[in-house]
Amino acid sequence: MLYPIKVVDVELSQPLVTLEGLEGYMGVLGLVRLHGVPIGYVKAPITNGKCTVESMGQAILQEHSTKLIHSLLEKLLAISALPEKLKLEDLINLPSPLETFWQKQSSYPLVTVAVCTRDRPDDMQLCLSALSKLDYPNLEILVVDNAPTTDSTRNLIEGNYPQVRYVCEPRPGLDWARNRAILEAKGEIIAYTDDDVVVDPLWVKALAWVFVENPQVMAVTGLVVPYELETKAQVLFEHYGGFGRGFEPKWFIGAAAPSKSVASLYGAAGQFGTGANMAFRRSLFEQIGGFDPALDVGTVTNGGGDIEMFFRVLKEGYTLVYTPTAIVRHRHRRDYAKLYTQIANNGIGLYSYFLRSALAYPTERIAFLKLGIWWLWWWLLRRLWISFKYPNRLPRELIWGELRGCFVGLTRYPKANKIAKNLSKAYAGEPLLPAVVTNSAPQSAQYPAQSAIAVKTVELSQPLISLRDVVEYDKARIFVTWHEQPLGSIDIQTAYQPLSASRLRGMIIQKFGLQLLDPDFRLHKDLLWAQSMNTLLQHWLPDAVQKAQPPSLPDHIPVSIVLATYDRPQDLQECLPTLLAQNSNRPIEIIVVDNHPQSGLTPPIVAKFPGVILVTEPRQGLAYARNAGINACTGDIVIATDDDVIAPPDWLEKLVAPFSRPDVMVVTGNVLPIELQTPSQQAFEDYGGLGKGFEPMEVNGDWFESFPRQAVPTWKLGATANAAFRASIFNHPDIGLMEETLGPGLPSGVGEDTYLFYKVLKAGYTLIYAESCYLWHKHRRTEAALRRQLYNYSKGGPSYHLVTWLQDGDWRGLWRILVEIPYLFLWRVQARLRGWTDYPMSLLGLELIGNLAGPWSLWQSHLRVQREGRSSPYIPVAERFNQSKTTNAQPSHQMTHNASAKG
């Protein structure tokens, strides 16, 4: 799991800037906004402690170009009609639709912001500091202190925030506090947030905008983004689901489907938002009652009060809107134990809400029963099965905790309801709201099950206005025209309610998008897109290509090259000069590992090259040899290569450059044939060779988890003939050294490199394939050598997949062995028989025999490693130095220094 992650706002109405001082962070998560309106998240890399303008801008345009264009068009249509000649660059500095709306208003409704808290004065201080900066002129801030055990919150407010009204609610339970806010509020709109939240300055303006423009809307929820992602628990919470509900507005209309069960449509009320960011018309509670005090934090149900209210709003036929423009930042639990408790409580609260609503609405009971079963399967059991099927970054115990919580929740509501009634009696002098509605007839009952469809025309050469004459219809078909020429139509669910200008505007832009830039259809869509992208690039990244510098690793970071060899003195003698001739100013050590010291062939060659270190590893196997070299390394970056390669002078610096990003743990490069003189060398290239193409590639934990059934194709990412690793991974508890039951020199054949890639990606880190970093490789010249090589490769595939299954519980490896590989063989045989390829059938047969021998070969390797033992764990250089002061213990391998090496 990658953390910490720097969370930032990226406001596109201001020039992009390079973010500095990011040492220690693994990446940047930017909330991209344009004049305060959110566009989406962007993940940008950190290079040498900085996130540059170029990398941030390129990431934004790559992820959000379409949304940016839509946002620019929305700004235009909020102000005026579509002009005759439209240039995208003219829209960039227009005010946001939010600003445009409030500029036209002569008055602002009074909004009460209600914060419910209990004994968290430090959280409250940060929350109130943000609330005091709200950009809204008609505001009341109300803090409801719920059954406090100290006067700390009261003292904080009275001493520092005289503009804030303090109320004490003695009955414990969050929904008691929410109901007290309803009784105390003076505003016609009540906006709720939590004490562990930092609100955005435009938060209330965005909420009130929806209410003012849409009189029929009774509830509004908004976007909740993380305040920080500094700890593993905080990153895990976002990965688990978080509070965010996306960056597109959503309308939920209780009267939308009068013939259907409301629970079947809206029972999963968590989709609407969360209690940390919700607002209601105060008049709503006179119709449907207040929050159920038997639910949510402070009761034995531990949650569910907010989503129960969302459901009740819709069940009673009212409308709820989710607007991402209303933003709050939530401070997630920082430690894992609290995260686990929160996730478990989510399950308790959710199923308490299910039970409460099923009891309150008898006609919805079957729907809630189905919903409860579906949720168990889709959200929990499916996730649990996936965690058993293949590894992922989500701890299984979190799923188990929520699953147990769901079953506990089925028993908690009756007990909580009894406690709530006893509290009502115990505090008989405290004010109460009207009784909670339990079975009222929904407003939607007055509407017919079937209705005609309203047909309306919207002319884009005229300013958009709200459509008020659709209230007698359940649906509307809107024909969009430009100078009376039709562009197309949109079907909108109106549910007998007016259609506001902002909702209509959003639907039109979503449907027509780029076409609005050329309503006369003068340009091909590809040319229109190219012109639009050029406009965005010229504004946000002028001359970015010329200014952008390729990444480089600082010269002071040392590199170790590990070259394992087995009695190939001539190849070694040709390889080492090219490694010593690298154009680099950094400290470089070259370690040659002799994997057959009994022969005596390697030491004389190494002795010819001062500065090269010789390490001996008598246990045969490439993984053994490389692990011995890794354990002897002192570099922060470890490069693995072979003795049968030739390195260009710029190879090393190209290979290590991506390590300027802290999330990158592996870099692989291209491997090209130095000659194709013999049929065997040509056949090896036809087989696939060692190169992985001429396109760059970047993969990470998301890519690792993106294969629901197929095995993760790590064999497509490169090979350790040309690969570099951050040395710290070899000490990582989930990664470690190379797997010694895999690889050349053991019966299993190959796979030690692909399994190392697998573990790095499983841990959530990044691997980069640098296509421009190449080596020249000497392919096997004889048919016998080629056949041995392909036979080992063929054994290594199943061996590797079996290891991912046996050691990591990854069932995708079995699927690869039992289904994918046989299918691939059948296809290749068919291709050969039909003449689509001239790959020799004899080699296909050899590969088939090797695949069948894979499981037995892995077993033989396992037995040999048991006999010969595994290598000592990797010890970081700093710890090694400290140990050397206190012990005279010798390493398990032998080492010879010719001289100190330096590049």
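Colleague: Explain the confidence of the model for the protein to me, please; I cannot follow it from the model alone.
Modeller: Detailed reading of the predicted coordinates is not advisable wherever pLDDT is low. Mean pLDDT over the protein works out to 92, with 95% of the residues at or above the 70 mark. Considering only residues more than four positions removed or in separate chains, one finds that residues 439-445, a stretch of pLDDT under 50, has 16 contacts. Predicted confidence is poor over residues 889-903, with pLDDT under 50, and the contacts of this stretch with residues over four places away or in other chains come to 33 contacts.

Colleague: Please explain helix α26 (residues 841-868) as it appears in this structure.
Modeller: The periodicity of an α-helix, 3.6 residues per turn, causes residues three or four positions apart to be oriented the same way. Here α26 contains 28 residues, and its C-alpha end-to-end distance of 38 Å stays within 8% of the 40 Å for a straight helix at 1.5 Å per residue. Its maximal kink placed at G854, α26 deviates by approximately 50°, while the proline P855 follows within four residues.

Colleague: Would you take a moment to explain the nonpolar core for this structure?
Modeller: Generally speaking, nonpolar side chains in soluble globular proteins are found buried as a group. Counting 110 residues, the largest nonpolar core has L128, L131, Y192, W203 and F280 as the members making the most contacts within it. Those residues in contact with L131 that lie beyond four places of it in its chain are V113, V115, I141, V199 and W203. By size, the runner-up hydrophobic cluster in this structure holds 56 residues, among which are I60, L86, L91 and L541.

Colleague: What's the story with the pattern of salt bridges in this structure? I'm lost.
Modeller: Any two side chains of opposite charge can pair, so long as their charged atoms come close to each other. Enumeration according to the criterion identifies 53 salt bridges in this entry. Residues D9 and R33 are paired through a salt bridge, measuring 3.1 Å at the closest nitrogen-oxygen approach. Residue D9 is found in strand β1 (residues 5-11), and its partner R33 is found in strand β2 (residues 27-34); the two are separated by 24 residues along the sequence. It is possible to trace a salt-bridge network through shared partners that takes in E140, R165, E169, R171, R180, E184 and E430.

Colleague: Would you mind going over a nonpolar patch on the surface with me for this structure?
Modeller: There is a patch of nonpolar side chains on the surface, built from W374, W377, W378 and L381 and spanning about 420 Å² of accessible area. Looking at the element boundaries, W374 is found in helix α12 (residues 365-389).

Colleague: What is the right way to look at the pairing of strand β5 (residues 139-146) in this model?
Modeller: Remember that side chains alternate between the two faces of the sheet whenever the strand is regular. Counting buried positions over the eight residues of β5 gives seven, a clear majority of the element. Relative to β5, strand β4 (residues 111-117) is paired through seven bridges, and the arrangement is parallel. Paired with T112 across the bridge in β5 is E140. With respect to chirality, the unit in which β4 leads through helix α3 (residues 121-131) into the neighbouring parallel β5 is right-handed. Pairing of β5 with strand β6 (residues 164-169), which is carried by six bridges, proceeds in the parallel orientation. Directly across from V144, in β6, lies its bridge partner V167. Each parallel crossover has a hand, and the one from β5 via helix α4 (residues 152-160) to β6 is right-handed.

Colleague: Looking at this structure, how should I read the side chain of H777?
Modeller: Structurally, H777 is set in strand β24 (residues 766-777). Look at H777 and you get buried, because its relative accessible area is 3%. At 3.1 Å, the side chain of H777 forms a polar contact with the side chain of D644. When neighbours within four sequence positions are excluded, H777 is seen to be in contact with D644, V645, V671, L672, P673, I674 and L690.

Colleague: Would you mind showing me how to read the packing of aromatic side chains here?
Modeller: Tallied over the full model, the rule gives 43 aromatic pairs. Relative to F291, the ring of Y192 lies with its centre 5.5 Å away and its plane at 80°, an arrangement referred to as edge-to-face. Remark: F291 occurs in the loop between α9 (284-288) and α10 (305-315) and Y192 occurs in strand β7 (residues 189-194); sequence separation between them is 99 residues. Seen in terms of ring centroids, W375 and W378 are 6.3 Å apart; in terms of plane orientation they differ by 50°. Their pairing is tilted. Here W375 pairs with W378, and both are found in helix α12, just three residues apart, close to one helical turn. Among the residues examined, W375 registers a relative accessible area of 16% and is labelled buried. Since its relative accessible area comes to 34%, W378 is described here as partly exposed. Linked through ring pairs, F311, Y351, Y353, F354, Y361 and F368 together constitute an aromatic cluster. Its end group placed over the ring of Y240, R383 keeps NZ or CZ at 4.5 Å from the ring centre.

Colleague: Is there a simple way to explain the side chain of S357 in this structure?
Modeller: Structurally, S357 is set in helix α11 (residues 336-360). Looking at S357, the relative accessible area reads 0%, which means it is buried. Sequence-distant contacts of S357, defined by excluding residues within four places in its chain, comprise E308, F311 and F368.

Colleague: Could you clarify how one ought to interpret the sheet that holds strand β15 (residues 485-493) in this entry?
Modeller: Sheet strands pair by backbone hydrogen bonding; their relative direction is either parallel or antiparallel. Spatial strand order, β13-β14-β15: three strands in an open sheet with mixed pairing. Here the strands that pair on one side only, and so sit at the sheet edges, are β13 (453-459) and β15. Between one strand and the next, the sheet's axes are offset by a mean angle of 20°, whatever the strand orientation. Note: strand β14 (residues 475-482) against β15, eight bridges, orientation antiparallel. Across the sheet, residue I478 finds its bridge partner in β15, namely I490. Strand contacts of helix α14 (residues 501-512): β13, β14 and β15, with the helix running at about 120° to β15, the strand carrying the most contacts.

Colleague: Teacher, can you tell me more about the sheet that holds β1 here?
Modeller: With mixed pairing, three strands are arranged side by side in an open sheet as β1-β2-β3. The open sheet is flanked by β1 and β3 (37-44), the only strands paired with a single partner. Neighbour-to-neighbour, the strand axes of the sheet open up by a mean angle of 20°, direction not taken into account. Sheet topology places β1 next to β2; seven bridges connect them, and they run parallel. The partner of K6 across the bridge, within β2, is V28.

Colleague: Honestly, the environment of P679 in this entry has me stumped. Any pointers?
Modeller: With respect to the secondary-structure elements, P679 resides in helix α21 (residues 679-687). Between the alpha carbons of P679 and L786 there is a distance of 9.9 Å; along the sequence they are 107 residues apart.

Colleague: Any chance you could explain the packing of α11 against helix α13 (residues 396-426) here in plain terms?
Modeller: When two helices pack together, you describe them by how their axes are tilted relative to each other and by the distance separating the axes. α13 packs onto α11 with a crossing angle of 40° between their chain directions and a minimal axis gap of 6 Å. Where α11 crosses over α13, the handedness of that crossing is right-handed.

Colleague: Explain the packing of helix α24 (residues 783-808) against α26 to me, please; I cannot follow it from the model alone.
Modeller: As a packed pair, α24 and α26 sit with axes 7 Å apart at the nearest point and diverge in direction by 45°. Taken together, the axis directions place α24 and α26 in an arrangement best described as oblique. For the pair α24 and α26, the sense of crossing is right-handed. Along the contact surface, α24 presents L786, R787, L790, Y791, S794, K795, P798, S799, L802 and V803, while α26 presents S842, L843, L846, E847, I849, G850, N851, A853, G854, P855, S857 and L858. Partitioning the contact of α24 with α26 into residue classes produces twelve nonpolar, seven polar and three charged.

Colleague: Whenever I open this one, the environment of Y192 confuses me. Can you help?
Modeller: For Y192, a relative accessible area of 1% puts it in the buried group. Not counting residues within four places of it along the chain, the set of residues in contact with Y192 comprises A114, R178, A181, I182, W203, G275, A276, N277, M278, F280 and F291. At a separation of 2.8 Å, a polar atom in the side chain of Y192 contacts the main-chain carbonyl oxygen of R178.

Definitions and cut-offs
- Residues numbered from 1 in each chain as written.
- Predicted model: local features only at pLDDT ≥ 70, side-chain atom pairs only at ≥ 80, totals over all residues.
- Heavy atoms only, no water.
- pLDDT = per-residue confidence, 0-100.
- Contact = heavy atoms within 4.5 Å.
- Helix = DSSP H or I, 4+ residues; strand = E, 2+ residues; numbered from the N terminus.
- Expected span 1.5 Å × (residues − 1).
- Bend = angle between axes of the 7 residues up to and from the residue.
- Core = buried A, V, L, I, M, F, W, Y, C linked by side-chain atoms within 4.5 Å.
- Buried < 20%, exposed > 50% of the residue type's maximum accessible area, 1.4 Å probe, protein only.
- Salt bridge = Lys/Arg side-chain N within 4 Å of Asp/Glu carboxyl O.
- Patch = residues over 30% accessible without salt bridge, like charges linked within 9 Å, V, L, I, M, F, W, Y side chains within 5 Å.
- Areas by Shrake-Rupley, 256 points an atom, 1.4 Å probe, with all protein chains shown as cover.
- Pairing = 2+ DSSP bridges.
- Right-handed = clockwise from strand over helix to strand, strands pointing away.
- Polar contact = N/O pair within 3.5 Å; in protein donor to acceptor, adjacent residues only side chain to side chain.
- Phe/Tyr/Trp six-rings, centres within 6.5 Å; stacked < 30°, edge-to-face > 60°.
- Lys NZ or Arg CZ within 6 Å of the ring centre and 35° of its normal.
- Axes fitted to C-alpha atoms, helices over the stretch in contact; angles between N-to-C directions.
- Left-handed = near helix turned anticlockwise from the far one by under 90°.
- Parallel < 35°, antiparallel > 145°, perpendicular 65-115°, else oblique.
- Nonpolar A, V, L, I, M, F, W, Y, C, P; charged D, E, K, R; others polar.

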